Amino acid sequence: MKHLTILFLLFSFFLTSCGTSNNSSNSNSPANYIENKGSDTIVNLALAWAEKYQGDHPDVRISVTGGGSGTGIAALVNGTVDIANASRKIKDEEIVEAQKNGVEPVEHIIARDAIAVIVNPNNPVSELTLQQISDIYSGKFTNWKEVGGEDRPIVRLSRETNSGTHVYFLETVLRLGSKEDKTLFSMNTLLLPSSEGIISEVRDNPNAIGYDGLGYVPKDLKMIAIAQKDGELYVLPSIETVNDKSYAIARDLYMYTNGEPTGIVKEYLDWILSDEAQQIVADLGFVPVLK
Amino acid sequence: MEKSLSWREFIITRLIQASGYSAILFVGLIFFFLLREGLPALSEVDASSLLNIRWYPLESHVGILPLISGSLVVTLGAALIAVPFGIGTAVYISEIAPRWMREILKPLVELLGGLPSVVLGFLGILVLAPFLRVFLNLPTGLTALTGSLLLGGIAVPTVVSVAEDALDSVPRAYREGAWALGATKWQTIWRVTLPAAKSGVLTAVMLGVGRAIGETMTVMMVTGNAPVLATGLGSLFSPVRTMTATIAAEMGEVANGSTHYHVLFFIGMVLFIISLVVNIIASSVVFRAKKRAERILS
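Residues numbered from 1 in each chain as written. Chains lettered and ligands numbered in written order. Predicted model: local features only at pLDDT ≥ 70, side-chain atom pairs only at ≥ 80, totals over all residues.

A.B. asks: When you look at the overall build of chain B in this model, what are you seeing that I'm missing?
C.D. replies: A count of helices and strands for chain B gives 13 helices and two strands. Taken over the C-alpha atoms alone, chain B extends approximately 70 × 65 × 35 Å along its principal axes. Scored against the burial criterion, the 298 residues of chain B give a buried share of 39%. By sequence separation, contacts in chain B at least 24 residues apart represent 75% of the contacts at least 6 residues apart. (Helix = DSSP H or I, 4+ residues; strand = E, 2+ residues; numbered from the N terminus. Buried ≥ 20, exposed ≤ 12 C-beta atoms within 10 Å, placed from the backbone. Contact = placed C-beta atoms within 7 Å.)

This is how it looks when you write it as structure tokens:
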């Protein structure tokens with residue numbers, strides 16, 4: 001009985017001490033907490049940054065969640081996050097929505113990303129033009145022999161429509177950057193909910209063609225060298241080719257804040273553009289921003 | 001003393017009554033919520049575009065027929081697998097298996113029912129889909145059939161445990177009567193026990209189908225999610241997109257109150273109505289069967 005009482009006392013002491021420490025960190029310094037949410041493309045990068053930054057600044061807490069670019073921007077509009085991650089530019093209607101809520105989104109380019117088009121290593125096709133990839137995904141080509149491969153059906157893989165990568169691929173590759181072009185993904189394009197789904201299907205299936213962020217493509221898959229137009233140079237995606245803009249499917253990655261950042265958020269964003277943080281970008285397979 | 005007892009009884013009765021009514025209340029509230037969020041879809045897009053065969057809501061193609069057909073194909077396939085397997089297993093456990101075997105099988109089947117569906121999804125992506133692609137020589141293994149097989153696996157435990165309970169509650173005298181008339185074990189099962197447990201077995205099937213049509217995670221991972229209108233049996237071997245997977249995949253990203261949002265709720269409404277109809281049909285069949293049985297007995 002006595003032991004029980006002591007245990008109980010210890011336990012309650014533990015509980016109260018937890019409670020007070022939480023309270024103090026909340027009430028004294030709400031500014032030490034950064035809420036960061038958005039694009040699944042960026043989430044690993046944002047996590048790595050947050051981990052490193054928190055290691056060097058023990059008083060700062062950064063919470064990172066994914067969910068997609070739209071989710072992040074919606075959260076910024078609703079005022080529930082400090083920084084929204086997006087793998088696409090904010091849309092005009094999202095800006096209008098934000099201004100209605102009194103939020104002024106400010107854009108920061110924090111890294112660059114390239115989309116690699118991937119096929120099974122056993123697929124002999126290694127070079128395609130943007131037009132050919134567009135025709136594959138729009139359903140014009142249905143057999144690999146139409147682009148110089150074996151006599152196999154083409155299985156098209158894409159990310160789900162809620163992925164920023166999906167929208168970017170649609171605009172840049174399927175529609176070749178033209179706003180009037182209304183080309184859609186072929187109806188029997190498989191829409192997979194995760195990068196892992198695409199990678200495991202491409203690894204396993206010699207019929208498959210997929211796309212994913214350069215940072216997520218494992219070494220055992222084959223990347224396609226892409227030419228902007230017929231007759232131009234075929235370029236493999238890499239940090240160099242993205243930086244010199246010779247690779248066709250590359251984009252900027254963004255963080256959005258409400259108004260010009262101040263205080264701790266500004267310090268964090270400044271650090272993100274430092275060499276140390278941009279080294280993490282390179283380590284994860286993304287492309288650092290050149291100053 | 002007596003008074004306090006009757007008070008307690010009163011409160012307990014009321015509590016039980018309230019929890020019974022609350023089920024009705026919650027279903028009503030959920031349906032009301034679905035209607036409120038889903039019906040605006042009808043005024044924002046006209047019915048003809050809802051009945052279109054193209055689903056690409058990013059560009060306002062909101063035809064939900066491919067999704068409905070996708071769900072139906074996958075569920076039908078799952079039922080074709082789960083019903084014979086489930087009832088067969090239930091018959092074996094309750095009628096044929098020796099006692100020690102039953103003690104092992106029953107918990108194992110229930111364990112199968114507790115497997116998280118996302119784990120089954122992984123199994124589907126890494127093992128079943130590649131196997132089916134090579135075995136059936138399909139362009140891809142991410143097809144309705146893959147989903148059906150896994151959903152069948154998910155529905156089997158439900159079917160087994162409900163059907164087994166129904167078979168178990170058939171009075172022993174029925175079987176003894178059949179044996180006394182010289183019926184074999186198989187004849188007893190097929191002609192006496194199963195018909196006697198018919199309403200329970202039917203409930204088992206309906207619960208299994210309900211489990212299959214509502215399942216989300218597994219189908220999202222293995223069916224390929226291509227919104228192609230299923231037109232025949234061949235669709236079983238090509239990718240499909242189900243209603244549940246569509247809602248799960250797109251709800252997270254959709255802007256609150258947009259047309260796309262309302263259409264997703266409209267799909268939820270359709271799903272709700274489908275399972276309501278399945279349940280009504282099931283209970284009316286059970287009800288009719290009971291009345292006939294009563295007539296015969298009286």
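A.B. asks: How should I be thinking about the environment of A:Ala48 in this particular structure?
C.D. replies: Checked against the element boundaries, A:Ala48 lands in helix α2 (residues 40-56). For A:Ala48 and A:Ile280, which are 232 residues apart along the polypeptide, the C-alpha to C-alpha distance reads 7.3 Å.

A.B. asks: Mind showing me how you'd approach helix α6 (residues 117-136) of chain B here?
C.D. replies: Because an α-helix packs 3.6 residues into every turn, residues spaced three or four apart end up facing the same way. Helix length check: α6(B) (20 residues) gives 25 Å between terminal C-alpha atoms against 28 Å at 1.5 Å per residue, more than 12% under. At B:Gly124, α6(B) shows its largest kink, close to 45 degrees. Those residues of α6(B) hidden inside the fold are in contact with α7 (195-204) of chain A together with α7 (144-168) and α11 (217-222) of chain B. At the C-terminal side of α6(B), B:Asn137 shows a positive phi close to 55 degrees. (Expected span 1.5 Å × (residues − 1). Bend = angle between axes of the 7 residues up to and from the residue.)

A.B. asks: What should I look at first to understand helix α3 (residues 69-77) of chain A in this one?
C.D. replies: Residues and elements named next belong to chain A. Of all nine residues in α3, nine are buried; the element is thus mostly enclosed. Considered for burial, the residues of α3 that qualify are Ser-69, Gly-70, Thr-71, Gly-72, Ile-73, Ala-74, Ala-75, Leu-76 and Val-77. Where α3 is buried, its residues contact β1 (33-38), β3 (83-86), α4 (92-100), β4 (105-119), α6 (164-174) and β11 (250-258). Gly-79 sits one or two positions beyond α3 and adopts a positive phi of about 75 degrees.

A.B. asks: What am I meant to see in the packing of α7(B) against helix α10 (residues 198-214) of chain B here?
C.D. replies: A pair of packed helices is characterised by two quantities: the angle between their axes and the separation of those axes. All names here are of chain B. It is the contact of α7 with α10, at a shortest axis distance of 8 Å, that shows an interaxial angle of 160 degrees. Considered as vectors, α7 and α10 are oriented roughly antiparallel to each other. In this structure, α7 crosses over α10, and the sense of that crossing is right-handed. Of α10, the residues touching α7 (which contributes Leu-151, Ile-154, Ala-155, Thr-158, Val-159, Val-162, Ala-163, Asp-165 and Ala-166) are Gly-200, Val-201, Thr-203, Ala-204, Val-205, Leu-207, Gly-208, Arg-211 and Ala-212. Grouping the amino acids of the contact of α7 with α10 by side-chain chemistry returns 12 nonpolar, four polar and two charged. (Axes fitted to C-alpha atoms, helices over the stretch in contact; angles between N-to-C directions. Parallel < 35°, antiparallel > 145°, perpendicular 65-115°, else oblique. Left-handed = near helix turned anticlockwise from the far one by under 90°. Nonpolar A, V, L, I, M, F, W, Y, C, P; charged D, E, K, R; others polar.)

A.B. asks: What am I meant to see in the interface of chain B and chain A here?
C.D. replies: The parts lose accessible area when they come together, and the size of an interface is often stated as this lost area. Opposite the 25 residues of chain B that make contact, chain A presents 25 residues. Those elements giving two or more residues to the side of chain B that touches chain A turn out to be α6, α11 and α12 (243-251) of chain B. Of the residues contributing to the side of chain B that touches chain A, the split by class is 15 nonpolar, five polar and five charged.

A.B. asks: Honestly, the confidence of the model for chain B in this entry has me stumped. Any pointers?
C.D. replies: Detailed reading of the predicted coordinates is not advisable wherever pLDDT is low. Residue and element names in this part refer to chain B. Looking at chain B, the pLDDT average stands at 88 and 95% of residues meet or exceed 70. Across chain B, the element-wise mean pLDDT spans from 81 in helix α13 (residues 259-297) up to 93 in helix α4 (residues 65-96). The complex prediction reports pTM at 0.76, with the ipTM value standing at 0.80. (pLDDT = per-residue confidence, 0-100.)

A.B. asks: I would appreciate a short explanation of the nonpolar core in the present structure.
C.D. replies: For soluble globular proteins, nonpolar side chains are generally found buried alongside one another. A:Ala84, B:Ala82, B:Val159, B:Ala163 and B:Ala212 are the most contacted members of the largest nonpolar core, which totals 122 residues. If you count residues domain by domain, this core takes at least three from each of domain 1 (33-112 + 252-283) and domain 2 (113-250) of chain A. Apart from residues no more than four positions distant in its own chain, B:Ala82 is found in contact with B:Gly152, B:Ala155, B:Val156, B:Val159, B:Gly208 and B:Ala212. Of all hydrophobic cores here, the second largest spans 15 residues; its members include B:Leu67, B:Tyr261, B:Leu264 and B:Leu271. (Core = buried A, V, L, I, M, F, W, Y, C linked by C-beta atoms within 7 Å. Domains from an automatic or database assignment.)

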